Structures are given as structure tokens and as C-alpha cells.
Amino acid sequence: MLTKNMLDKLNEQIGYEFESSNLYLQMSAWCKAKGLEGSAGFLRKHAEEELSHMFKFFDYLEETGNLPVIPALAKPKADYENLRNVFEETLAHEKFITGKINGLAELALAEKNWATFQFLQWFTAEQHEEEALFNRVLDLVKMIGTDGRGLFLLDKEIGKLKADK
Ligand SMILES: [Fe+2]
Ligand SMILES: [Fe+2]
């Protein structure tokens with residue numbers, strides 16, 4: 001049994017996960033257009049993963065006897081200054097999502113909704129991994145740089161990273 005507040009917040013999260021997927025898919029198109037195949041592939045895979053998060057929330061609402069309602073989605077930003085800028089935004093976005101997941105967990109705790117609290121634990125761990133992953137990408141950006149051949153090498157290294165780890 002979900003409270004109205006929890007139901008609304010979980011439906012909002014469906015929107016955030018869709019927006020994450022759309023943002024990364026749009027970023028992958030920007031990379032592809034710039035010839036950055038490694039980064040494009042990495043972001044596209046990550047876009048698919050965000051869609052799988054969306055489905056986890058969608059399914060949870062159905063399993064609890066509720067109707068998932070997909071909210072209006074924000075248009076993802078399509079233009080970026082450079083590759084560093086792309087990955088600074090991915091990390092900032094993941095931190096924003098972590099805040100949303102933490103907010104949901106706090107609500108579940110306050111409502112003593114243990115099933116939902118338990119359901120959210122997977123996302124808490126997932127956000128920890130995703131922030132670590134995007135921090136790793138930014139470390140690579142700082143180490144290798146984006147000038148001249150550095151950009152080529154950087155893109156190759158990003159392409160080797162597993163999008164889900
Ligand atoms: Fe996600
Ligand atoms: Fe994510």
C-alpha cells in the first residue's frame with residue numbers, strides 16, 4: 001500500500017529516469033556527430049541502462065497495484081562546448097538523481113514503508129556505482145586532456161569503460 005505522496009514521488013522518478021536516458025542518448029548523438037565513437041557508444045549503453053531503471057519503477061508501481069503515470073519530460077540539452085563539458089554534466093546529473101533517490105528513501109523511512117525502502121536500496125547502491133563511474137571518466141578527462149591527440153586517446157579509453165560498472 002503506497003500513500004498518495006509516495007505514489008506521486010515514484011511516478012516523478014519514472015520521469016527522472018526517462019530524462020536520464022534521453023539526456024545520455026542525446027549526448028551520445030553529440031559525441032557521434034563529433035566523431036567521438038568511444039564516448040558515443042558508452043553514453044548510448046548508459047542511456048539503455050537508465051531505461052532499465054525507469055522500468056524497475058514502472059514495474060514496482062504495477063506490482064503494488066498502482067497505475068504508473070508517465071509525467072511530461074524535459075527536453076534534453078543537445079549542444080555542448082566540449083567532451084569535458086559533457087562529462088561534467090553527466091556527473092552533475094547523477095548527483096541530482098542520487099538526491100532524488102535519497103529523498104525517496106527518506107520518505108519510505110518516515111512512512112515506515114519497509115517494502116519500498118527495501119526496493120530503493122538497489123538504487124542507493126546503483127547511484128553510488130554510477131557516481132564512481134562518472135568520477136572515473138572525469139579523472140580520465142583530467143589525466144589525458146582533450147587537446148589534439150589527447151582527445152582521440154581519451155575517447156578510446158572512455159569507449160573501453162563498461163557503462164554499467
Ligand atoms: Fe538511473
Ligand atoms: Fe544514472
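Not measured: the values here are computed from a predicted model. (Residues numbered from 1 in each chain as written. Chains lettered and ligands numbered in written order. Predicted model: local features only at pLDDT ≥ 70, side-chain atom pairs only at ≥ 80, totals over all residues. Heavy atoms only, no water.)

Asks: Looking at this model, I keep getting lost on the overall build of the protein chain. Mind explaining?
Replies: A count of helical and extended segments in the protein chain gives five helices and zero strands. Starting at the N terminus and walking to the C terminus, you meet the elements of the protein chain as α-α-α-α-α. Relative to the globule expectation of 15 Å for 165 residues, the C-alpha radius of gyration of the protein chain, 17 Å, shows essentially globular dimensions. In terms of its C-alpha atoms, the protein chain occupies a principal-axis envelope of roughly 55 × 25 × 20 Å. (Helix = DSSP H or I, 4+ residues; strand = E, 2+ residues; numbered from the N terminus. Rg over C-alpha atoms; globule rule 2.2 N^0.38 Å.)

Asks: Help me out: how do you make sense of helix α4 (residues 114–144) in this one?
Replies: Because an α-helix packs 3.6 residues into every turn, residues spaced three or four apart end up facing the same way. Relative to the 45 Å expected for 31 residues at 1.5 Å per residue, α4 spans 45 Å between its end C-alpha atoms, a close match to the ideal helical length. L120 marks where α4 bends most, by close to 25°. Just downstream of α4, G145 is the residue with a positive phi angle, here 80°. (Expected span 1.5 Å × (residues − 1). Bend = angle between axes of the 7 residues up to and from the residue.)

Asks: What should I look at first to understand the coordination of the iron ion (ligand 1) in this one?
Replies: Where a metal carries four tetrahedral donors, each ideal angle is 109.5 degrees; where it carries six octahedral donors, the ideal angles are 90 or 180 degrees. At this site the iron ion (ligand 1) is bound by E17 (OE), E50 (OE) and H53 (ND1), with donor distances of 2.1 Å. A separation of 3.4 Å is found between the iron ion (ligand 1) and the iron ion (ligand 2), which share E50 as a coordinating residue. With E17 in helix α1 (residues 4–33) and E50 in helix α2 (residues 37–63), this pair connects stretches of sequence that are 33 residues apart. Classification of E17 as buried rests on a relative accessible area of 0%. A relative accessible area of 1% means that E50 is categorised as buried. (Donors = N, O, S within 2.8 Å, 3.2 Å for Na, K, Ca; no water. Buried < 20%, exposed > 50% of the residue type's maximum accessible area, 1.4 Å probe, protein only.)

Asks: Mind showing me how you'd approach the nonpolar core here?
Replies: Most often, soluble globular proteins have nonpolar side chains that are buried together. Among the nonpolar cores identified, the biggest contains 24 residues, and F42, L43, L83 and F87 are the most heavily contacted of them. If one sorts the elements of this core by residue count, α4 sits on top with six residues. Contacts of L83, omitting those with residues within four sequence positions, involve W30, C31, L36, S39, L151, L154 and I158. (Core = buried A, V, L, I, M, F, W, Y, C linked by side-chain atoms within 4.5 Å. Contact = heavy atoms within 4.5 Å.)

Asks: Where do I start with the pattern of salt bridges in this structure?
Replies: Opposite charge on two side chains makes pairing possible when the charged atoms of those side chains draw close. For the structure shown, the criterion picks out four salt bridges. For D8, the salt bridge identified is with K4, shortest N-O distance 2.7 Å. Taken as a pair, D8 and K4 lie in helix α1 at a separation of four residues, close to a single helical turn. Its salt-bridge partner being E37, residue K32 comes within 3.4 Å of it at the nearest N-O pair. Residue classification places K32 among the partly exposed positions, given a relative accessible area of 48%. Accessibility expressed as a relative area gives 48% for E37, which makes it partly exposed. (Salt bridge = Lys/Arg side-chain N within 4 Å of Asp/Glu carboxyl O.)

Asks: Explanation requested: the packing of aromatic side chains in the structure shown.
Replies: Following the criterion strictly, the structure yields twelve aromatic pairs and no others. With centroids separated by 4.0 Å and ring planes inclined at 10°, the aromatic side chains of Y60 and F119 adopt a geometry described as stacked. Here Y60 is found in helix α2, whereas its partner F119 is found in helix α4, with 59 residues between them in sequence. The burial state of Y60 is the same as that of F119; both residues are buried. An aromatic cluster is built from F57, Y60, F119, W122 and F123, whose rings are joined through pairwise contacts. (Phe/Tyr/Trp six-rings, centres within 6.5 Å; stacked < 30°, edge-to-face > 60°.)

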